[in-house]
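Single-letter residue listing:
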Amino acid sequence: LAVPASLMSFAFVLLERWAPNYRSDYALASLEASTVWTMTNAVLMFMIAFRTRQAFARFWEGTGLLHQMKGEWFDTVSN
């Protein structure tokens, strides 16, 4: 998460140096800091929720496979 954000910040700094009026040219000058903060937090929360959902899915898949393996071992030993 830190690397893409760092690269994007670096790109905005370079863009500000090479084209100082790009915000007014693309109607971005009206964006306030609170709007940018809200958009950043929304994207960050979406990414965290997605990663958490993926982690839970992997955990429960592993748990199911472990129970399946335990059952197969039990069947093998009991016969």
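Go over the overall build of the protein chain with me, naming the residues and quoting the values.
The helix and strand tally for the protein chain stands at 3 helices and 0 strands. Starting at the N terminus, the α and β elements of the protein chain follow one another as α-α-α. Expressed as a percentage of the 79 residues in the protein chain, the buried residues total 3%. Just so you have it, the protein chain exposes about 7,300 Å², and 70% of that area is on carbon and sulfur atoms.

Give me the lowdown on the packing of aromatic side chains, citing residues and values where you can.
Here a ring pair, both rings aromatic, is described through the centre-centre distance and the interplanar angle of the planes. What the rule picks out here adds up to 1 aromatic pair. Ring centres of phenylalanine 59 and tryptophan 60 lie 4.9 Å apart, and the angle between their planes is 75°; on these two criteria the pair is classed as edge-to-face. The exposure class of tryptophan 60 is exposed, given its relative accessible area of 57%.

Any details on the confidence of the model for the protein chain? Residues and values, ideally.
Of the residues in the protein chain, 87% reach a pLDDT of 70 or more, and the chain-wide mean stands at 84. Within the protein chain, the lowest mean pLDDT, 71, falls on helix α2 (residues 22–25), and the highest, 90, falls on helix α3 (residues 33–78).

Outline a nonpolar patch on the surface, listing residues and values.
A cluster of nonpolar side chains, namely Val43, Phe46, Met47 and Phe50, defines an oily patch on the protein surface of about 390 Å² accessible area. By the element assignment, phenylalanine 46 lies in helix α3.

Rules and cut-offs
- Residues numbered from 1 in each chain as written.
- Predicted model: local features only at pLDDT ≥ 70, side-chain atom pairs only at ≥ 80, totals over all residues.
- Heavy atoms only, no water.
- Helix = DSSP H or I, 4+ residues; strand = E, 2+ residues; numbered from the N terminus.
- Buried < 20%, exposed > 50% of the residue type's maximum accessible area, 1.4 Å probe, protein only.
- Areas by Shrake-Rupley, 256 points an atom, 1.4 Å probe, with all protein chains shown as cover.
- Phe/Tyr/Trp six-rings, centres within 6.5 Å; stacked < 30°, edge-to-face > 60°.
- pLDDT = per-residue confidence, 0-100.
- Patch = residues over 30% accessible without salt bridge, like charges linked within 9 Å, V, L, I, M, F, W, Y side chains within 5 Å.
- Salt bridge = Lys/Arg side-chain N within 4 Å of Asp/Glu carboxyl O.

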